[in-house]
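# Coordinates in review
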Amino acid sequence: MEQTKDNANIIELKHVTKRFEDNGYIAVNDFNLEVKRGEFVTFLGPSGCGKTTTLRMIAGFDIPSEGEILLNGKPITSLPPYERPINTVFQRYALFPHMNIRDNIAFGLKQKKISKDVIDKKVKRMLSLVDLEGFEDRSVSTLSGGQQQRIAIARALVNEPQILLLDEPLGALDLKMRQEMQLELKAMHDRLGITFIYVTHDQEEALTMSDKIVVMSEGQIQQIGTPEDVYNEPKNAFVADFIGESNIFSGIMTGRLKVRFCGGEFECLDDLQEGTHITAVVRPEDVELVAPEKGTIRGVVTSVIFKGMHYEITIQSGKNEIVARSTKTARPGDHVGICLDPDGIHVMVAEDHTNTFLVDINKDYRLEYNGNVLDASLTKLIPGGKRQEDGTVVDASGETIDLGRLHIMASIQPGDIEMTDSEEEGLIHGNISNLIYQGSHYLYIIHTDLEQDFAVYDEDLWNMGDRVGLIMPVEKMTFSIRK
Ligand code: ADP
Ligand code: MG
């Protein structure tokens, strides 16, 4: 392999998309990433967001449907796995139970026809690397889960890969062993100097171990940054919600460095134009509890949980729920004031969650969505439009409207949609694919039967995967014509 500069990218993914042929599912969508030689990069995201699929494409077990993968600047998109200087450690330690530890580690080397002396030396070195000296002749069944996973790591490293891929390697271990192994893996990475690409759904693990975190959701990158970046400067509400604990509120800029949310006006450090709709993120440790008369806003304590190092205190303030972390306790029913320091408030421009969808025009010139006739007049949408006696519609110049060329888009705000669990009600049905608590309400993403995502605000707690109907009043919709 040719030498490249020390700070060069070892791996690059360019517009990588994976669509599974059998069900058409897009597991990874336009993924762009650069990994530097020697970096510890972590893919972090909820189950099903495409982490394993991305890793499998880097390893060569899956081929991208679109896009390119470069290794040291050269395309390897369809190179078979064994021709890549890359090894993978999986969650379930796929050791061979009938072989002893030496043979398990040496498996790859034996296939390369390396001499027994060299193999023995390498195995010894690997065992010392994973802190299991003298384990050569033990059988797999005598090892604990943590020890087995160390052997799996030794087996991957003995091939001297340029890149080690680790897919939730600690997922099957108990908490204490997991924390121990996190530190060991990190130390191993620093010692070996090779590139690690690590997959986890555990944000604490990602924050502890990584140089760079790639936060993913539904096949797409949400943010790439250092642990500090993604924790302190989340790019959107999903990242804020997923990383660490957050209070998330919607609000509005009320002046220079002034923001209003949760029924109070606060000073902040983000200079956005007055009137901008925003999302404010406040970490529980930045919520200061004071006497009621001293707070910018006031509320009542609804719950107190002891967490070992601190108390987690939940406060109801009007419609908003605020979680605080404090070394001092409180009692449910206590009246408290809340203060927020400007640098404890992170302000982001609110994502526009307006739902836009195409509606049909039926043969009676009525608007329809998902087979439901909407009580809206088509003639009003067309400037000067008139209905003729034969039912057709003509525009201002008297020309008959060509239905085939007319596309009507409807849009509706998330707060104007109501969810129902009834199969009879609602214009369309779907399943909840994401939910984020935003202080006074939840933001739900509903993946509908027509494969569209709708955003809905609702005060009630529904569960991921729940099947719901969307009640969308036609008077809350606005229509526009798209040719
Ligand atoms: P993660 O590792 O983040 O949990 P995966 O990459 O395993 O997620 O899967 C992402 C999505 O792709 C999931 O919804 C999964 O069901 C789907 N998927 C994974 N493999 C296949 C496959 N071979 N065929 C069809 N869909 C798949
Ligand atoms: Mg996975």
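Keep in mind that what you see is a predicted model, and the values were worked out from it rather than measured.

## A word on the nonpolar core
- Membership of the largest hydrophobic core comes to 35 residues, with the highest contact counts inside it found for I105, L127, I151, I153, L157, L164 and L185.
- At the level of elements, α2 (101-111), α3 (116-129), α4 (145-157), β7 (163-167), α5 (175-192) and β8 (195-200) are the ones that each hand at least two residues to this core.
- Here this core takes six residues from α4, the largest share from any one element.
- Setting aside residues up to four positions removed in sequence, L164 forms contacts with N87, V89, A156, L157, I194, T195, F196 and I197.

## So, the side chain of Q149
- Structurally, Q149 is set in helix α4.
- A polar contact is formed between the side chain of Q149 and the backbone oxygen of F90, at a distance of 3.0 Å.

## Regarding unusual backbone geometry
- Phi angles above zero are rare outside glycine, and E168 is one such case at about 45°.
- A positive phi is found at E218, a non-glycine position, where the angle reads about 45°.
- Considering the arrangement of structural elements, one finds E218 in the loop between β9 (212-217) and β10 (220-225).

## What to know about the site of ligand 1
- In the vicinity of ligand 1, 13 residues are found, and the nearest of them are G48, G50, K51, T52 and T53.
- At 2.8 Å from an oxygen atom of ligand 1 is found a side-chain nitrogen or oxygen belonging to T52.
- T53 is positioned with one of its side-chain polar atoms (N or O) 2.5 Å from an oxygen atom of ligand 1.
- In isolation ligand 1 offers 560 Å² of accessible surface; the protein chains occlude 66% of this area.
- Of the residues in the shell around ligand 1, the class split is five nonpolar, six polar and two charged.

## A closer look at the packing of aromatic side chains
- As enumerated under the stated definition, the model contains 13 aromatic pairs in all.
- Both rings, one in F96 and one in F107, keep their centres 4.7 Å apart while their planes meet at 50°; by these two values the pair is tilted. Of the two residues, F96 sits in the loop between β6 (86-89) and α2 while F107 sits in helix α2, which places them eleven residues apart along the sequence.
- For F96, a relative accessible area of 25% puts it in the partly exposed group.
- Taking the relative accessible area as the measure of exposure, F107 reaches 31% and is therefore partly exposed.

## A closer look at the pairing of strand β31 (residues 467-471)
- Pairing of strand β27 (residues 418-420) with β31, which is carried by three bridges, proceeds in the antiparallel orientation. Pairing of T420 across the sheet is with G469, part of β31.
- Inspection of the sheet shows strand β28 (residues 428-437) paired to β31 by four bridges, in the antiparallel sense. Its bridge partner being in β31, H429 is matched across the sheet by G469.

## A look at the sheet that holds strand β19 (residues 335-340)
- Across the sheet, which stays open at both edges, the five strands sit in the order β15-β19-β16-β17-β18 with antiparallel pairing between neighbours. At either end of the open sheet lies a strand with only one pairing partner, and these are β15 (287-290) and β18 (320-326). Here the strands of the sheet are splayed against their neighbours by 45° on average, with no regard to which way each runs.
- With four bridges connecting them, β15 and β19 associate as antiparallel partners. Among the inter-strand pairings, V290 is bridged to a residue of β19, identified as G337.

## Quick notes on the domain arrangement of the chain
- Under the domain assignment, the chain is made up of domain 1 (9-232), domain 2 (245-349) and domain 3 (355-482).
- Domain 1 and domain 3 are separated by 45 Å when their C-alpha centres are compared.

## Examining the packing of α2 against α3
- Their axes nearest at 10 Å, the elements α2 and α3 cross at an angle of 120°. With respect to their mutual orientation, α2 and α3 come out oblique. By crossing handedness, the relation of α2 to α3 is classed as right-handed. Contacts from I101, R102, I105, A106, L109 and K110 of α2 reach α3 at I119, D120, K122, V123, M126 and L127.
- Residue classes in the contact of α2 with α3 are distributed as eight nonpolar, no polar and four charged.

What counts, and at which threshold
Note that residues are indexed from 1 along each chain, following the sequence as it is written. Lettering for chains starts from A, numbering for ligands starts from 1, and both go in the order in which the items are written. At least 70 in pLDDT is required for a residue's local features to be given in this predicted model, at least 80 for side-chain atom pairs to be given and counted, and no such filter applies to totals for whole chains, interfaces and linings, which use all residues. The side-chain values count all of the structure's non-hydrogen atoms but skip hydrogen atoms and water molecules. In plain words, nonpolar cores are sets of buried Ala, Val, Leu, Ile, Met, Phe, Trp, Tyr and Cys residues tied together by side-chain atoms within 4.5 Å. The classification of residues rests on relative accessible area computed with a 1.4 Å probe and restricted to protein chains. Under 20% of the type maximum is buried, over 50% is exposed, and intermediate values are partly exposed. By the criteria applied, helices consist of DSSP H or I runs no shorter than four residues and strands consist of E runs no shorter than two, each listed in order from the N terminus. Throughout, a residue-residue contact means that at least one pair of heavy atoms, one from each residue, lies within 4.5 Å. Pairing of N or O atoms within 3.5 Å defines a polar contact, subject to two protein rules: one partner must be a possible hydrogen donor and the other a possible acceptor, and residues neighboring in sequence count only if both atoms are side-chain atoms. Whether a residue is near a molecule or strand is decided by its heavy atoms; if any one of them lies within 4 Å of it, the residue is near. Per-residue and other accessible areas were derived by the Shrake-Rupley procedure at a 1.4 Å probe size, with only the shown protein chains allowed to occlude residues. The residue classification treats Ala, Val, Leu, Ile, Met, Phe, Trp, Tyr, Cys and Pro as nonpolar and Asp, Glu, Lys and Arg as charged. All others, Gly included, are polar. Note on aromatic pairs: the rings of Phe, Tyr and Trp (six-membered ring only in Trp) are paired at centre separations within 6.5 Å, and the planes decide the class, stacked below 30 degrees, edge-to-face beyond 60, tilted for the rest. Two strands pair under a simple rule: DSSP has to find at least two bridges between them. All axes are obtained by fitting lines to C-alpha atoms, using only the stretch in contact for helices, and the reported angles, taken between N-to-C directions, cover 0 to 180 degrees. All domain edges in this entry derive from an automatic or database-based domain assignment. Each angle is binned into one of four classes, with values under 35 degrees roughly parallel, values over 145 roughly antiparallel, values of 65 to 115 roughly perpendicular, and all other values oblique. Definitions for this section: a left-handed crossing has its near helix turned counterclockwise from the far helix by less than a right angle. A right-handed crossing has that turn clockwise.

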